[in-house]
Amino acid sequence: MRKPPTNRQRHEVFKFYDKGCVVCGPKSENELDMAHVDDNPENTFFENLLLLCKSCNGSIEVSKHNGKPALPPRLHPSSLADRAWHCYGNGDYASSYGCYRLAAHLSWTRQADADFALNCISACIAALRPIVHERLFRSVMILSQELIASSQEPVDPFWKAECLSQIGLVLSDYKQWQSAAVFQKAAVELYNRTSAVGPYKRNIELKKAAALRRYAFVCQNTQVRGQLDELIELFRKRRELGSEATTRHVKAMFEFELAGSPSLARAELEQALTMESKIGNHWTVGEIHLLLGRICLVMGEKRKAKQHFERFLHIFSAFRLVPLPSRLPGCSEPAVELQRMGHRYEPFPQRRAFPLSEEELRTLLDLLKRS
Ligand SMILES: [Zn+2]
């Protein structure tokens, strides 16, 4: 039986998606529908509701029946993923998540494409990281498990590796360094078992490189750390400047927090910022300014530090982003440093607890690790 959303659910969904169809953008309130992502109108809970315009919702609704008439081009899973990517670059992380979520569902239910669906689920996790939504994190992680368990065809280890790596990143956001390392290590191993041939060769090489960088970050493994320069070179060669900037950011953290070399760290970050227009991720740019602020402070350049902190604050409050935790136990959280500098700002949204229990996490790890 159809279960209409309560006023509270309505308010929550409208607020999260900022009064826009996740596919078409801003609309007036009476043009919008609360769509049930899983096609089941009984499952009325926040994680299963998306904001869509009547036209998008109607097209999806009729496509439930034998896929006829076919989905209009803008609702094809690949177009949705393109739009999600675009939204991510514009800092609209909620719509980016929404489009990836819809793409995952449609590629799974209308095209039985488990590989593409898992790819989109991993991207959902990535889109949620800057804005942190625990219930949505939980629902997509569980969804990845259901998808792999119920798929008729074995899911490509490449996409499992990507999912492991994204979950590993969320674990490090919650300071669960040990589990994060286990997930990143498993991701690297799975990537290594993926045959780098054919048209995917380049893609696999880059994803592997990103997984290695993440592993280096959580383990603070000096051996992997030494490879960061090679990784930077690889990204540069492939013109993947966004990933090059992120890798420089990680390298700078090593230099600053572990090796105690603020000037080297600063050089890496300033280099990363020269690619700002190509990073396509406001969150990363903000984090780079935050670290530069800390470094300038250590180097005694108060005025410069203030400018970087201001830039960081501007980006983070404009998009309602959540800063990453400090890597070292002795390092202050950004909020403490900002107060010390006399900055006035709205408090950042907070992370509470990692949304899966240890047992759930173990089950998920076992399932994803199997190639
Ligand atoms: Zn629409």
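Bear in mind the structure is a predicted one, so any value in this text is a computation, not a measurement. (Residues numbered from 1 in each chain as written. Predicted model: local features only at pLDDT ≥ 70, side-chain atom pairs only at ≥ 80, totals over all residues.)

### Let's talk about the overall build of the chain
Next, step 1: The helix and strand tally for the chain stands at 18 helices and four strands.
Next, step 2: Expected size for 371 residues packed as a compact globule is a radius of gyration near 21 Å; at 21 Å, the chain falls within 12% of this value.
Next, step 3: Structurally, the chain occupies a C-alpha span of about 65 × 50 × 40 Å along its principal axes.
Next, step 4: Taken over 371 residues, the chain has a buried fraction of 43%.
Next, step 5: Sequence separation of at least 24 residues holds for 62% of the intrachain contacts in the chain that already meet a minimum separation of 6. (Helix = DSSP H or I, 4+ residues; strand = E, 2+ residues; numbered from the N terminus. Rg over C-alpha atoms; globule rule 2.2 N^0.38 Å. Buried ≥ 20, exposed ≤ 12 C-beta atoms within 10 Å, placed from the backbone. Contact = placed C-beta atoms within 7 Å.)

### Points about the nonpolar core
Next, step 1: Ranked by size, the top nonpolar core spans 110 residues in total, and within it Ala 84, Tyr 100, Ala 103, Cys 120, Ile 121, Cys 124 and Ala 127 carry the most contacts.
Next, step 2: Among the elements that line this core, the one with the most residues is helix α5 (residues 114-128), at twelve residues.
Next, step 3: The residues that make up this core include at least three from each of domain 1 (1-155) and domain 2 (157-371).
Next, step 4: With near-sequence residues (within four places) excluded, Ala 103 lies in contact with Pro 77, Leu 80, Ala 81, Ala 84 and Cys 120. (Core = buried A, V, L, I, M, F, W, Y, C linked by C-beta atoms within 7 Å. Domains from an automatic or database assignment.)

### Description of the domain arrangement of the chain
Next, step 1: Each assigned domain of the chain is listed with its residue range as follows: domain 1 (1-155) and domain 2 (157-371).
Next, step 2: Here the C-alpha centre of domain 2 lies 27 Å away from the C-alpha centre of domain 1.
Next, step 3: Taken together, the contact between domain 1 and domain 2 spans 22 residues of the former and 23 residues of the latter.
Next, step 4: Those elements that place two or more of their residues in the side of domain 1 that touches domain 2 are α5 and α6 (134-150).
Next, step 5: When residues of the side of domain 1 that touches domain 2 are assigned to their parent elements, the largest contribution, eight residues, is made by α6.

### Structural notes on the packing of helix α9 (residues 201-219) against helix α12 (residues 241-258)
Next, step 1: Two elements in contact, α9 and α12, have axes whose closest approach is 10 Å; the angle formed by their N-to-C orientations is 20°. Viewed along their axes, α9 and α12 adopt a mutual orientation that is roughly parallel. The handedness of the crossing between α9 and α12 is left-handed. Contact residues: Leu 206, Ala 210, Arg 213, Ala 216 and Phe 217 in α9; Ser 243, Thr 247 and Val 250 in α12.
Next, step 2: Residues that form the contact of α9 with α12 fall into these classes: five nonpolar, two polar and one charged. (Axes fitted to C-alpha atoms, helices over the stretch in contact; angles between N-to-C directions. Parallel < 35°, antiparallel > 145°, perpendicular 65-115°, else oblique. Left-handed = near helix turned anticlockwise from the far one by under 90°. Nonpolar A, V, L, I, M, F, W, Y, C, P; charged D, E, K, R; others polar.)

### Notes on helix α3 (residues 77-89)
Next, step 1: End to end, α3 covers 19 Å across 13 residues, agreeing with the expected 18 Å (1.5 Å per residue, within 8%).
Next, step 2: Residues Pro 77, Leu 80, Ala 81, Arg 83, Ala 84, Cys 87 and Tyr 88 constitute the buried set of α3. One side of α3 carries all its buried residues, which in axial view fall inside an arc of 160°.
Next, step 3: Check the buried side of α3 and you find it contacts α4 (93-109) and α5.
Next, step 4: Remark: Gly 91 follows α3 within two positions and exhibits a positive phi of approximately 80°. (Expected span 1.5 Å × (residues − 1). Arc of directions from axis to C-beta.)

### Details of the packing of α3 against α5
Next, step 1: The contact between α3 and α5 brings their axes to 12 Å, and the two run at 15°. Judged by the inter-axis angle, α3 sits roughly parallel to α5. In terms of crossing hand, the pair formed by α3 and α5 is left-handed. Mapping the contact onto sequence places Pro 77, Ala 81, Ala 84 and Tyr 88 in α3 and Phe 116, Cys 120, Ala 123 and Ala 127 in α5.
Next, step 2: Along the lines of polarity and charge, the residues of the contact of α3 with α5 split into eight nonpolar, no polar and no charged.

### Let's talk about the pairing of strand β4 (residues 49-53)
Next, step 1: Among the five residues of β4, five are classified as buried, and the element is accordingly described as predominantly covered.
Next, step 2: The alternating pattern of β4 places Leu 49, Leu 51 and Cys 53 and Leu 50 and Leu 52 on opposite faces, both of which are buried.
Next, step 3: Pairing geometry for strand β3 (residues 32-36) and β4, over five bridges, is antiparallel. Bridging across to β4, Met 34 finds its partner in Leu 51. (Pairing = 2+ DSSP bridges.)

### A look at unusual backbone geometry
Next, step 1: You will see that Lys 175, though not glycine, has its phi angle at about 60°, which is positive.
Next, step 2: Following the sequence through the fold, Lys 175 ends up in the loop between α7 (157-173) and α8 (177-192).
Next, step 3: Lys 175 sits in the partly exposed class, given 15 other C-beta atoms within 10 Å.
Next, step 4: In this structure, Arg 320 takes a positive phi of about 55° despite not being glycine.
Next, step 5: Examined against the element boundaries, Arg 320 turns out to sit in the loop between α16 (302-318) and α17 (334-340).

### Digging into the environment of Gly 91
Next, step 1: Position of Gly 91 relative to the elements: it lies in the loop between α3 and α4.
Next, step 2: Owing to 20 C-beta atoms within 10 Å, Gly 91 belongs among the buried residues under this scheme.
Next, step 3: Separated by 48 residues in the primary sequence, Gly 91 and Ser 139 place their C-alpha atoms 22 Å from one another.
Next, step 4: Residue contacts for Gly 91: discarding those within four places in its chain leaves His 282 and Phe 319.

### Here's the deal with α7
Next, step 1: Across its 17 residues, α7 extends 24 Å between first and last C-alpha, which sits within 8% of the 24 Å expected from 1.5 Å per residue.
Next, step 2: Most of α7 sits inside the fold, with 16 of its 17 residues counted as buried.

### Re the environment of Thr 274
Next, step 1: Positionally, Thr 274 belongs in the loop between α13 (262-273) and α14 (276-279).
Next, step 2: Thr 274 gets classed as exposed once you count the C-beta atoms within 10 Å, which come to 10.

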